[in-house]
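What follows is each chain in one-letter form.
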Amino acid sequence: MGGVHGTVAPGYEPVRDAFVRNFGERGERGAAVTVYRDGRRVVDLWGGAKDVDGDVGAGGAPWERGTAQIVRSATKGVAAAVPLLLHQRGELDLDAPVGSYWPEFKARGKERVLVRHVLAHRAGVPALDRPLTPAEALDPDLGAAVVAAQTPFWEPGEDHGYHAQTYSWLVGELVRRVTGRPIGEWIADEIAGPLGLDLWVGLPVSEAEASRAGRLGRIEAPAGPGGLRMRPKRNVAEAYADAGSLTRRAFGAIDPSPDENDAAYRAAALPASNGVATADGLARFYAGLVGGAEGGGRLFTPATVEAARAEASAGPDRVLVVNTRFGLGYMLHGAASPLLGPGSFGHPGRGGALGFADPESGVAFGYVTNGMNKGVTADPRAQSLVRALRESL
């Protein structure tokens, strides 16, 4: 499997211990975790195999410090920064109807969907009447047109439900209408480049960058104490098992599921689900939102930080079938997605990844893995690291 490498600052040894235990007790195959505190890197660890199906002892490539992985819905936190920055610059009004920027979106009762509704998962279009094929999903024009024509599943603004896949076309097209640029390009030029992030929404096909991304896949959860297996509540399990449920339809807006290891999929810009990042890139992004990291600039003003983490949706989630809390584009600390503390904001990725910032403690956190499990918002490996970090502060 390969050993654990990297460094921790004095006092952060519990995070290293938890990271090591993830390999021994929780089925970890390959992963990395990075933490910044007040702009200084205090945890920088990696280990295992680069590819989920690789074996370092048998000649497989080891995970290195610069290894990147798809982070699934942790991409949403990166994507949400774009409309918030556009608002901060006076180019986008969060309280304006989406249709004022994207006229076609006003169809079928969506005239009153506001920009903030999209970010808070209140737009009412988490699923599609006809799912897109993987090939269709990579066409941003088609995805936007299908979402614009979709009838809402509830009165927009009146309730919330996780827009697992449709968030890609909602946010992506809104950004394109406002800026004239694809969202992946905007992120590269305005966020990743200036902050020096190893993070992409649309991974370049050049060998130098594409070769850094490892293969991800499902892992078998070990049994026993400390293992990865989780037993969802009966109503949650039933929602995922029912092909007609809004839960299944939301996660199945692309059907069949795309091959996340395919180069064409990784090169497309699906800001709900296919961002590629190193742990350092994800942590450094969140450090950049709230204060900057080791020479990097600060992205959000204090007012924008407060807008991002002010509760905009809370309670029963029509898609996830548990109580969730959202700010504007970010999950907030709560039972469904525990973060460091009450003021934390960020986003998990289904099956593993997690990134967040905690302005009160000055912490920014990034965890990426190649082993995907069945959980959606609270992976036991990531949670073990968060608990250890809390203990270290």
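Preceding this paragraph is the structure being described.
The present account deals with the structure reproduced in this document. Every chain is numbered independently, its residues counted from 1 as its sequence is written. In keeping with the model being predicted, local features are shown solely for residues with a pLDDT of at least 70 and side-chain atom pairs are shown and tallied solely at 80 or more, while totals for entire chains, interfaces and linings include all residues. Side-chain metrics rest on all non-hydrogen atoms present in the structure, leaving aside hydrogens and water.

Counting from the N terminus, the helices are DSSP H or I runs at least four residues long and the strands are E runs at least two residues long. Within the protein chain one finds 14 helices and 14 strands. Dimensions of the protein chain, computed from C-alpha atoms along their principal axes, come out at roughly 55 × 45 × 40 Å. Looking at the protein chain as a whole, 58% of its 393 residues are labelled buried. When checking whether two residues touch, look at their non-hydrogen atoms; a contact exists if any pair is within 4.5 Å. Long-range contacts, defined here as pairs at least 24 residues apart, represent 69% of the contacts in the protein chain between residues at least 6 apart. Note on areas: these come from Shrake-Rupley sampling with a 1.4 Å probe, and a residue is covered only by the protein chains present in the view. With an accessible surface of roughly 14,700 Å², the protein chain has 50% of that area assigned to carbon and sulfur atoms. Charge assignment: positive for Lys and Arg, negative for Asp and Glu; neither His nor the chain ends contribute. Every charge is mapped onto a representative atom, which is NZ of Lys, CZ of Arg, CG of Asp or CD of Glu. Of the side-chain charges in the protein chain, 42 are positive and 45 negative, and the distance between the mean point of each set is 4 Å. Relative accessible area decides the class of each residue, using a 1.4 Å probe on protein chains only: under 20% of the type maximum gives buried, over 50% gives exposed, and in between gives partly exposed.

With that settled, consider the sheet that holds strand β4 (residues 69–70). Two strands are said to pair when DSSP picks up at least two bridges between them. Taking strand neighbours across the sheet as the criterion, the three strands line up as β4-β7-β5 in an open arrangement whose pairing is antiparallel. The sheet terminates laterally at β4 and β5 (199–200), the two strands that pair on one side only. Pairing geometry for β4 and strand β7 (residues 276–277), over two bridges, is antiparallel. Within the sheet, the bridge partner assigned to Q69 lies in β7 and is A277.

Relative to the helices and strands, R116 resides in helix α3 (residues 115–119). In this structure the C-alpha to C-alpha distance between R116 and W169, which are 53 residues apart in sequence, comes to 15 Å. For this analysis, a polar contact is any N or O atom pair within 3.5 Å, provided that within protein one partner can donate a hydrogen and the other can accept it, and provided that sequence-adjacent residues contribute only side-chain to side-chain pairs. Within the structure, the side chain of R116 is placed 2.6 Å from the side chain of D95, a separation counted as a polar contact.

This part takes up empty space enclosed by the protein. Using only the protein atoms, space was sampled on a 1 Å grid; points where a 1.4 Å probe fits but cannot get out form cavities, open sets with protein on both sides within 12 Å along at least five of seven lines form pockets, and lining residues are those with an atom within 4 Å of a point. Grid points are joined across faces, edges and corners, and a volume is the space filled by probe spheres set on the points. One pass over the structure, following the stated rule, counts three cavities of 30 Å³ or more. Of the pockets and cavities examined, the largest cavity occupies roughly 60 Å³. As for the largest cavity, its lining consists of 14 residues, and the residues nearest its centre are P348, G352, T377, A378 and D379. Along the lines of polarity and charge, the residues of the lining of the largest cavity split into six nonpolar, seven polar and one charged. Considered as a void within the structure, the second largest cavity measures approximately 40 Å³ in volume. As for the second largest cavity, its lining consists of A32, T34, D44, L45, W46, R65, A279 and D280. Taken together, the residues of the lining of the second largest cavity break down into four nonpolar, one polar and three charged. Side-chain classes are defined by residue name, with Ala, Val, Leu, Ile, Met, Phe, Trp, Tyr, Cys and Pro counting as nonpolar, Asp, Glu, Lys and Arg as charged, and the others, Gly among them, as polar.

On to the packing of helix α2 (residues 75–88) against helix α12 (residues 279–290), then. Comment: axis = line fitted to C-alpha atoms, over the contacting stretch for helices; angle = value between 0 and 180 degrees taken between N-to-C directions. Taken N-terminus to C-terminus, the directions of α2 and α12 make an angle of 30°; their axes are 11 Å apart at the nearest point. Between α2 and α12, the angle falls in the class roughly parallel. The chirality of how α2 crosses α12 is left-handed. Here α2 contributes G77, V78 and A81 to the contact with α12, which in turn contributes L282, F285, Y286 and L289. Oblique is the label for any angle not under 35 degrees, not over 145, and not in the 65 to 115 range, which are roughly parallel, roughly antiparallel and roughly perpendicular in turn. For any pair of crossing helices, the crossing counts as left-handed if the nearer helix is rotated counterclockwise from the farther one by less than a right angle, and right-handed if it is rotated clockwise.

Turning our eyes to something else, we now look at the nonpolar core. We define a nonpolar core as any set of buried Ala, Val, Leu, Ile, Met, Phe, Trp, Tyr and Cys residues linked to one another through side-chain atoms lying within 4.5 Å. Ranked by size, the top nonpolar core spans 83 residues in total, and within it I191, F285, L289, F300, Y330 and F345 carry the most contacts. What F300 contacts, discounting residues up to four positions off in sequence, is A81, L84, L85, Q88, G288, L289, V305, A308 and Y330. Counting residues in each nonpolar core, the second largest holds 25 residues, with V33, V35, V42 and V386 among its members.

The subject of this paragraph is the pattern of salt bridges. The salt bridge definition used is simple: a Lys or Arg side-chain nitrogen within 4 Å of an Asp or Glu carboxyl oxygen. Under the defined criterion, the tally for this structure stands at 23 salt bridges. The shortest N-O distance in the salt bridge between D280 and R65 comes to 3.7 Å. With D280 in helix α12 and R65 in the loop between β3 (40–48) and β4, the pair connects residues that are 215 residues apart, well separated along the chain. Classification of D280 by relative accessible area gives buried; the value is 13%. By relative accessible area, which is 38% here, R65 ends up partly exposed.

Honestly, that's just the spatial picture; any functional story needs more than this.
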